[in-house]
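# Observations on the three-dimensional arrangement
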Amino acid sequence: MQALRDPRRLRIEVLAGLVVALALIPEAISFSIIAGVDPRVGLFAAFTMAVTTAVVGGRPAMISAATGAIALVVAPVVREQGLDYLLATVVLGGLLQVALGLLGVARLMRFIPRSVMVGFVNALAILIFTSQVPYLLGVPWLVYPLVAVGLAAIVLLPRLTTAVPAPLVAIVALTAFTVVAAVSVPTVGDQGELPDTLPSFLLPDVPFTLETLRIIAPYAIALALVGLLESLMTAKLVDTITDTRSRKKREAWGQGVANVVTGFTGGMGGCAMIGQTMINVRSSGARTRISTFLAGAFLITLVVALGDVVSVIPMAALVAVMIMVSVGTFDWHSVAPSTLRRMPRSETAVMLVTVAVTVATHNLAYGVIVGVVVAMALFARRVAHLVDVERRVSADAASVTYVVRGQLFFASSNDLADQFRYGADPASVVIDLSQAHVWDASTVATLDAISARYADRDKDVRIEGLAGHSAQRHERLAGHLGGGH
């Protein structure tokens, strides 16, 4: 409502929505081809996802539409079962997202470390750039100067004025030139036939049986998880760029609602598109739901009512826009020599692993999952070496006290048992854990094993200093873990 009362802000939102709509068209068509469906299926998904998330989503200005990750997930369904099973998969995947969103799965975002986030952003920039390469191979030579002019316009125009988004100026100018000069270059129309009608409600023509559920459930689960992961990661990135907070729980179930709507209107499903979101937020300066809604509204208007005009937009113009998006998305500071020298090697390794897996699989979700696993393993390895054991012998040598300091869990407690001198110690042994914290059953089992080894030598062991959760955990589990194993 505040944007509607501010003419300048409203102009930015409207123009941003138009730029995104123009960029969405060839992307949606390309993703349709990846999924093995007609271009209209991808375009309908782009429309319904954008409009629905503009209303029910939790991150203003974020763009959701058909994506490559979702296309890769659902392609086997289309290939093996057909379009109707795809639509049923999208609906079921949307329902799962609603359930996961209401259960608070968005809270898991706190476990994604910064190094994985940086890797996610850099990998995305690389994928955006590489996705444009096919449009630059085997094309007329005139494509290259057109792309160069488009890049120059996007870089230089903001230095003169920001009244109109530079990407929009580049698209309009290059389109006008190719039409007036009657030059033959690849256009949006060459990517596939544009729809000439609005999407309508339909029920997937599949039997409502357990066999159908068995077929679509694995793909629906994958769609739900991949879509939520990409959407929540994108929302977190936009939060950082705009210095605002989004409602992650609402975004999670909002993505599910959008996919249910998309499935019932003939779309292939989707999630947040970080490339188009960067065009909207970073390149065009949009900040509200208006731009997201108008992106979907402009898209369906352009392809249905102005399809002949849209079809003559040269792909060179859109390639220029996406190249600048990839350059702006990449975190160049993360690979600067000064940063690499200062950053711990483990952090750099996690970032590189995330990038490598994402680029290799063309799936952001896989990259993030592997990155988080590697980060957890390296963190556990680092923390495991921070445990210190000090041996103190009493003045009369009748007893010995072991003072343990640090965090005790499965990685660090494995070496703990080797820090004691079972044969050389006197008959009375005290293990002081007042400066340690017991985190898991592995540690309790290790303490049981230490006590058992002393007991085998007829020596008395007392464990002292435990408090709070550590004491509760030890009291509940000690002696009940299979003889200390």
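Each chain carries its own residue numbering, running from 1 in the written order of its sequence. Restriction of local features to residues with pLDDT of at least 70 applies here, the model being predicted, together with a cutoff of 80 or more for giving and counting side-chain atom pairs; totals for whole chains, interfaces and linings are based on all residues. Side-chain calculation: all heavy atoms of the structure are included, whereas hydrogens and water are not.

## Observations concerning the packing of helix α8 (residues 210-242) against helix α16 (residues 364-384)
Working convention: axes come from line fits to C-alpha atoms, limited for helices to the stretch in contact. Angles between N-to-C directions cover 0 to 180 degrees. Here a helix means four or more residues in a row that DSSP labels H or I, a strand means two or more in a row labelled E, and each is numbered from the N terminus. At a minimum axis separation of 9 Å, α8 and α16 run at an interaxial angle of 75 degrees. With respect to α16, the axis of α8 lies roughly perpendicular. Between α8 and α16, the contacting residues are Val226, Leu229, Glu230 and Met233 on the first element and Leu364, Ala365, Val368 and Ile369 on the second. Residues are grouped as follows: Ala, Val, Leu, Ile, Met, Phe, Trp, Tyr, Cys and Pro are nonpolar; Asp, Glu, Lys and Arg are charged; all remaining types, including Gly, are polar. Residue classes in the contact of α8 with α16 are distributed as seven nonpolar, no polar and one charged. Oblique is the label for any angle not under 35 degrees, not over 145, and not in the 65 to 115 range, which are roughly parallel, roughly antiparallel and roughly perpendicular in turn. Residues count as neighbours in contact if any of their non-hydrogen atoms are within 4.5 Å of one another.

## Description of the pattern of salt bridges
Opposite charge on two side chains permits them to pair, given that their charged atoms come into close proximity. Any carboxyl oxygen of Asp or Glu that lies within 4 Å of a side-chain nitrogen of Lys or Arg is treated as forming a salt bridge with it. One pass over the full model with this rule turns up nine salt bridges. For Glu211, the salt bridge is made with Arg214, and the minimal N-O distance between the two is 2.5 Å. One end of the pair is Glu211 and the other is Arg214, both in helix α8 and three residues apart, which spans about a single turn. Buried residues are those whose accessible area, probed at 1.4 Å on protein chains only, stays under 20% of the maximum for their type, while exposed residues exceed 50% and partly exposed ones sit between those limits. Take Arg214: its relative accessible area is 54%, and that puts it in the exposed class. Note that Asp388 and Arg405 form a salt bridge whose closest N and O atoms lie 3.0 Å from each other. With a gap of 17 residues between them, Asp388 in strand β3 (residues 388-393) and Arg405 in strand β4 (residues 399-408) connect regions that are remote in the sequence. Using a relative accessible area of 23% as the deciding quantity, one classes Arg405 as partly exposed. Salt bridges here are not isolated pairs; linked through shared partners, they connect Asp388, Glu390, Arg392 and Arg405.

## Notes on a nonpolar patch on the surface
On the surface, Val327, Trp332, Val335 and Leu340 cluster together into a nonpolar patch covering about 350 Å² of accessible area. Topologically, Val327 is positioned in helix α13 (residues 315-329). Grouping into patches uses exposed residues only, defined as over 30% relative accessible area, and leaves out salt-bridged ones; the cut-off is 9 Å for like charges and 5 Å for nonpolar side chains (Val, Leu, Ile, Met, Phe, Trp, Tyr). Residue exposure ignores everything except the shown protein chains as possible cover, and the areas themselves are Shrake-Rupley values with a 1.4 Å probe.

## Remarks on the side chain of Ser231
Its location among the elements puts Ser231 in helix α8. Owing to a relative accessible area of 0%, Ser231 belongs among the buried residues under this scheme. Within polar-contact distance, the side chain of Ser231 engages the backbone oxygen of Gly227 at 2.7 Å. In protein, a polar contact means a hydrogen-donor-capable atom and an acceptor-capable atom, both N or O and within 3.5 Å, with residues adjacent in sequence counting only if both atoms are side-chain atoms; elsewhere, any N or O pair within 3.5 Å suffices. Looking at Ser231, its side chain comes within polar contact range of the main-chain nitrogen of Ala272, at 3.1 Å. Not counting residues within four places of it along the chain, the set of residues in contact with Ser231 comprises Met62, Gln255, Cys271 and Ala272.

## What to know about the packing of aromatic side chains
In this scheme Phe, Tyr and Trp rings, the latter by its six-membered ring, pair at centre separations within 6.5 Å, and the angle between planes marks the pair as stacked below 30 degrees, edge-to-face above 60, and tilted otherwise. Counted under the stated rule, the structure contains seven aromatic pairs. Relative to Tyr422, the ring of Phe420 has its centre 6.2 Å away and its plane inclined at 35 degrees; by these criteria the two rings are tilted. You'll find Phe420 and Tyr422 in the same group, each marked buried. Look at Tyr422 and Tyr454: their rings are 4.8 Å apart centre to centre, the planes differ by 50 degrees, and that puts the pair in the tilted class. You can see Tyr422 sitting in the loop between α17 (410-413) and β5 (428-438) and its partner Tyr454 sitting in helix α18 (residues 441-455), a full 32 residues away along the chain. Take Tyr422: its relative accessible area is 5%, and that puts it in the buried class.

## A closer look at the nonpolar core
Buried residues of nine kinds, namely Ala, Val, Leu, Ile, Met, Phe, Trp, Tyr and Cys, make up a nonpolar core once their side-chain atoms join them within 4.5 Å. Within the largest apolar cluster, 94 residues are counted, with the highest numbers of intra-cluster contacts made by Ile25 and Met268. The dominant element in this core, judged by the number of residues it contributes, is helix α1 (residues 7-35), at twelve residues. In terms of nonpolar packing, the next biggest core, distinct from the first, is built from 18 residues, Tyr402, Leu433, Val438 and Val444 among them.

## What to know about the pairing of β4
One face of the sheet, then the other: side chains in a regular strand alternate in exactly this way. One requirement defines pairing of two strands: DSSP has to find at least two bridges between them. Of the strand pairs in this sheet, β3 and β4 are connected by six bridges, and their pairing is antiparallel. Considered in β4, the bridge of Asp388 is made with Arg405. Count of turn residues in the β3/β4 antiparallel hairpin: five residues, of which Ala397 carries a positive phi of about 60 degrees. In this structure, β4 lies alongside β5, joined through nine bridges in parallel fashion. Directly across from Thr401, in β5, lies its bridge partner Val430.

## What to know about the packing of α1 against helix α11 (residues 289-305)
Contact pair α1 / α11: the axes reach a minimum separation of 7 Å and the direction vectors enclose 50 degrees. For the element pair α1 / α11, the angle class is oblique. In the packing of α1 onto α11, the handedness of the crossing is right-handed. Contacts from Leu10, Glu13, Val14, Ala16, Gly17, Leu18, Val20, Ala21, Leu22, Leu24 and Ile25 of α1 reach α11 at Ile290, Ser291, Leu294, Ala295, Phe298, Leu299, Leu302 and Val303. Looking at the contact of α1 with α11, its residues break down into 16 nonpolar, two polar and one charged. For any helix crossing, the convention is left-handed if the near helix is rotated counterclockwise from the far helix by under a right angle, and right-handed if that rotation is clockwise.

## Thoughts on helix α4 (residues 83-102)
Multiplying one less than the number of residues by 1.5 Å gives the expected span of a helix. The end-to-end C-alpha distance of α4, which contains 20 residues, comes to 29 Å, matching closely the 28 Å that a straight helix rising 1.5 Å per residue would cover. Every buried residue of α4 is accounted for by Tyr85, Leu86, Leu87, Ala88, Thr89, Val90, Val91, Leu92, Gly93, Gly94, Gln97 and Gly101. Buried residues along α4 sit against α3 (68-81), α8 and α9 (248-263). Positive phi shows up at Gly104, right after α4, with a value of about 85 degrees.

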